[in-house]
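# Fold and geometry: a report
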Amino acid sequence: VLNKKIARVEISDKKMIKPDTKTFTKALLGKSFFGIDRIGKLLIFKLSDKKNFLLIHLKMTGQLVYMGEGEVIAGGHALRSGTMLEKIGGKLPNKYTRLTIGLGKNEALYFNDLRKFGYAKIVEKEALCDIKKAFGIEPRTKNFTAANLKKAISGKKKGIKATLLDQKTISGLGNIYVDEALFRSGIDPRRKSDKISDKEIEKLHKSIEELIKKAVKYRGTTFSDYSDSRGNKGNFSQFLQVYGRTGEKCTACGTRIKKIREAGRGTHFCPKCQK
């Protein structure tokens, strides 16, 4: 999608567009994307005017699909079952298309979202800087050190799982990987964050880094409706040790994996290994 003039902008759901459709459309028309970045799960499209940025968040059911001459590249969540490309069937826009960005003569980028939790937003550089500041340290970056992890969670009275899921504290960690990281660290997800020892923080830091590195290598974890940019599902699920294994034996001690509700999410852990 880079370096192609944006020839048209079609909006079918105004509520998902920010700040408003007029400002949004004006900022895009006649421009092009010269770079794409991200922070956490927020996609950042850099516009050629060097002034504005297009932010897109897929949330739970969003998907981005590029269609050109004989080429379809899709990433995000499939509409229901099967791969995303099967569901598209070559017909776009469809009833789930909320935004269409026409590129050049016969190309387009489609933003589809079944449940409409996602959004597309135009912001200027100053606003983008403020948004980035709201994100916490991110695994696999130079700032994600054991010392910074300790600083991020120390003094917090809420449970460690809730702290790790908070994108203002740690950006990019989701429910599955928090459960897995806490298991590998031997930490009960219900423990208060300010009760985690320095030694445990070092182990947690190492576990998160190794876990995310391996998850990226195997292209993520797929259970229902996620596909990568080629329509493929992730293969990391084969390495999960607690998530989705309720009632099964712990791989380390043989105790049955337990599932509870913690931080508003289904939480899997070993009652014996995690203290």
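Throughout this description, residue numbers start from 1 for each chain and increase along the sequence as written. Given that the model is predicted, a residue must reach a pLDDT of at least 70 before its local features are reported, and side-chain atom pairs must reach 80 or more before they are shown or counted; all residues, however, enter totals for whole chains, interfaces and linings. To obtain the side-chain values, all non-hydrogen atoms of the structure were used and water was disregarded.

### Observations concerning the overall build of the protein chain
Here is the rule we go by: Runs of E in the DSSP output that reach at least two residues are strands. Runs of H or I that reach at least four are helices, and both are numbered from the N terminus. Three labels apply to residues, based on accessible area from a 1.4 Å probe with only protein chains included: buried if under 20% of the type maximum, exposed if over 50%, partly exposed otherwise in between. Residue-level accessible areas treat just the shown protein chains as cover; the underlying method is Shrake-Rupley with a 1.4 Å probe.
Counting secondary structure elements, the protein chain contains 7 helices and 13 strands. Looking at the protein chain as a whole, 48% of its 275 residues are labelled buried. Total accessible area computed for the protein chain in this model is approximately 14300 Å², and 50% of it derives from carbon and sulfur atoms.

### Topic: the environment of Ile6
Put simply, the rule is: Note on definitions: a residue-residue contact is assigned when non-hydrogen atoms from the two residues lie within 4.5 Å.
Turning to its location among the elements, Ile6 is positioned in strand 1 (residues 6-11). Sequence separation between Ile6 and Leu28 is 22 residues, and the spatial gap between their C-alpha atoms is 6.6 Å. Excluding anything up to four places from it in sequence, Ile6 contacts Leu28, Leu29, Gly30, Lys31, Ser32, Phe33, Leu47, Ile101, Gly102 and Leu103.

### A short note on the pattern of salt bridges
We count it as follows: Counted as salt bridges are all cases of a side-chain nitrogen of Lys or Arg within 4 Å of a carboxyl oxygen of Asp or Glu.
Going through the model one piece at a time under the given rule, you end up with 13 salt bridges. Asp188 is the partner of Arg190 in a salt bridge, and the nearest nitrogen-oxygen pair spans 2.9 Å. Residue Asp188 is classed as buried on the basis of its relative accessible area, which comes to 10%. Across the pair Arg245 and Glu248 runs a salt bridge, and its minimum N-O distance is 3.1 Å.

### Here's the deal with the state of the cysteines
Defined as follows: In what follows, a disulfide is any cysteine sulfur pair within 2.5 Å.
Scanning all chains against the criterion turns up 0 disulfides. Distance from the sulfur of Cys273, which forms no disulfide, to the nearest cysteine sulfur (Cys253) is 3.6 Å. Classification of Cys273 by relative accessible area gives partly exposed; the value is 25%.

### Considerations on the nonpolar core
The criterion, for reference: Buried residues of nine kinds, namely Ala, Val, Leu, Ile, Met, Phe, Trp, Tyr and Cys, make up a nonpolar core once their side-chain atoms join them within 4.5 Å.
Ranked by internal contacts, the top residues of the largest apolar core, which has 26 residues, are Ile170 and Leu204. Of all the secondary structure elements, the ones that give two or more residues to this core are helix 4 (146-153), helix 5 (160-165), helix 6 (175-185) and helix 7 (198-217). By residue number, the principal contributor to this core is helix 7, which donates 6 residues. Leaving out residues up to four positions away in the same chain, Ile170 has contacts with Gly136, Ile137, Pro139, Phe144, Leu149, Ala152 and Leu164. Counting residues in hydrophobic clusters, the runner-up holds 22 residues, among them Ile6, Met16, Ile101 and Ile122.

### Quick look at unusual backbone geometry
Residues other than glycine predominantly adopt negative phi, and peptide bonds predominantly adopt the trans conformation. A cis amide bond links Lys18 to the next residue, Pro19, at an omega of 0 degrees. If you trace the backbone, Pro19 turns up in the loop between strand 2 (17-18) and helix 1 (21-28). Although it is not a glycine, Asn3 adopts a positive phi angle of roughly 60 degrees. Inspection of the secondary structure puts Asn3 in the segment before strand 1.

### Looking at the sheet that holds strand 4 (residues 42-47)
For the record, the criterion: Between any two strands, pairing holds if DSSP finds at least two bridges.
Here 5 strands make up an open sheet; going across it, the order is 2-10-5-4-3 and the pairing mixed. The strands lining the two open edges of the sheet, one partner per strand, are strand 2 and strand 3 (33-39). Bridge count for strand 4 against strand 5 (residues 52-57) is 5 bridges, and the pairing is antiparallel. Of the residues in strand 5, the one forming a bridge with Phe45 is Leu54.

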